[in-house]
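Examining the three-dimensional arrangement
For reference, the chains in residue letters:
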Amino acid sequence: MTSPKNIRDPKSDQLLTPENAAVVIIDYQPVQVSSLVGVDKRTIVANITTVAKTAKLFGLPVVISTVNVSNGRNKPTIHQITEVFPDVKQIDRTSMNSWEDTDFVAAVKATGRKKLIMTALWTEVCLTFPSLDAMKEGYEVYPVVDAVGGTSLEAHRAGLERIVQAGGHPISWVSLLCELQRDWNREQTAKAFGELLFAV
């Protein structure tokens, strides 16, 4: 039983690969987490932490953004994420739509990737707005549906539907993890991949 370690060009692959995708993490701050409705907050935190660990495992570029930290109105990114990425500079903004922040857009463009794995709190605002703008500028957007949440289940679903109607590609954290690994024969990441996949 054999399977190739690389079956196609990882940069031009239609699926997500470590060479063609970047991860965007927006506004995972205490106030946003505590205000989630209709989802289990611990599960959302666990899932976004797994997304962060997945990005680190596969060496994906990561952009982390916060809102209203520098002006004292909000707290920084939750420690579960910053412990995974202690050296990633967080981009603080005042805009609800991160795509309207010059530094944020510059950071996304600096990754050189056109496939954006998007996560944010809340779904209907901080995920939807930049997703729509990014797609309009030619990016492919992959919202991680079980690592995001909104102010109600209806708001969360409406936000995701709006992204999908505009051409977004919803994925789960398991789908993301498996899509990046793709083959158990890729031994460099296989052990850590299995540990992340079966930790739950």
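Note that the coordinates shown come from a computational prediction; the quantities given were computed from them, not determined experimentally.

**A closer look at helix H6 (residues 153–165)**
Turn by turn, an α-helix covers 3.6 residues, leaving residues three or four places apart pointing in a common direction. Between its first and last C-alpha, H6 extends 18 Å over 13 residues, near the 18 Å set by a 1.5 Å rise per residue. What H6 keeps buried is the set Ala155, His156, Gly159, Leu160 and Ile163. Along the axis of H6, the buried residues cluster in a sector spanning 130 degrees; they form a single face. Relative to its buried face, H6 has exposed residues pointing more than 90 degrees away, namely Glu154 and Gln165.

**What about the sheet that holds strand E3 (residues 90–93)?**
Strand order in this open sheet of 5 strands is E3-E2-E1-E4-E5, and the pairing throughout is parallel. In the strand order of this sheet, the two ends are held by E3 and strand E5 (140–143), each with one partner. Put simply, the sheet's adjacent strands are angled 25 degrees from each other on average, direction ignored. With 4 bridges connecting them, strand E2 (residues 62–67) and E3 associate as parallel partners. The residue bridging isoleucine 64 from the neighbouring strand is glutamine 90, located in E3.

**Notes on the packing of helix H7 (residues 173–181) against helix H8 (residues 187–198)**
The N-to-C vectors of H7 and H8 enclose an angle of 170 degrees; their axes lie 11 Å apart at closest approach. By the angle between their axes, H7 is roughly antiparallel relative to H8. Along its contact with H7, which presents Trp173, Val174, Leu177, Cys178 and Gln181, the element H8 presents Thr189, Ala190, Phe193, Leu196 and Leu197. Residue classes in the contact of H7 with H8 are distributed as 8 nonpolar, 2 polar and no charged.

**Comments concerning the pairing of strand E1 (residues 21–26)**
Along any regular strand the residues' side chains alternate between the sheet's two faces. Across the 6 residues that make up E1, a large majority, 6, are buried. Side chains of E1 alternate between two faces, with Ala21, Val23 and Ile25 and Ala22, Val24 and Ile26 buried alike. Relative to strand E4 (residues 115–120), E1 runs parallel, the two sharing 6 bridges. Across the sheet, valine 23 pairs through a bridge with isoleucine 117, a residue of E4. Inspection of the sheet shows E1 paired to E2 by 4 bridges, in the parallel sense. Its bridge partner lying in E2, valine 23 is registered against valine 62.

What counts, and at which threshold
Residues numbered from 1 in each chain as written. Predicted model: local features only at pLDDT ≥ 70, side-chain atom pairs only at ≥ 80, totals over all residues. Heavy atoms only, no water. Helix = DSSP H or I, 4+ residues; strand = E, 2+ residues; numbered from the N terminus. Expected span 1.5 Å × (residues − 1). Buried < 20%, exposed > 50% of the residue type's maximum accessible area, 1.4 Å probe, protein only. Arc of directions from axis to C-beta. Pairing = 2+ DSSP bridges. Axes fitted to C-alpha atoms, helices over the stretch in contact; angles between N-to-C directions. Parallel < 35°, antiparallel > 145°, perpendicular 65-115°, else oblique. Contact = heavy atoms within 4.5 Å. Nonpolar A, V, L, I, M, F, W, Y, C, P; charged D, E, K, R; others polar.

Any functional reading would require information that these geometric values do not contain.
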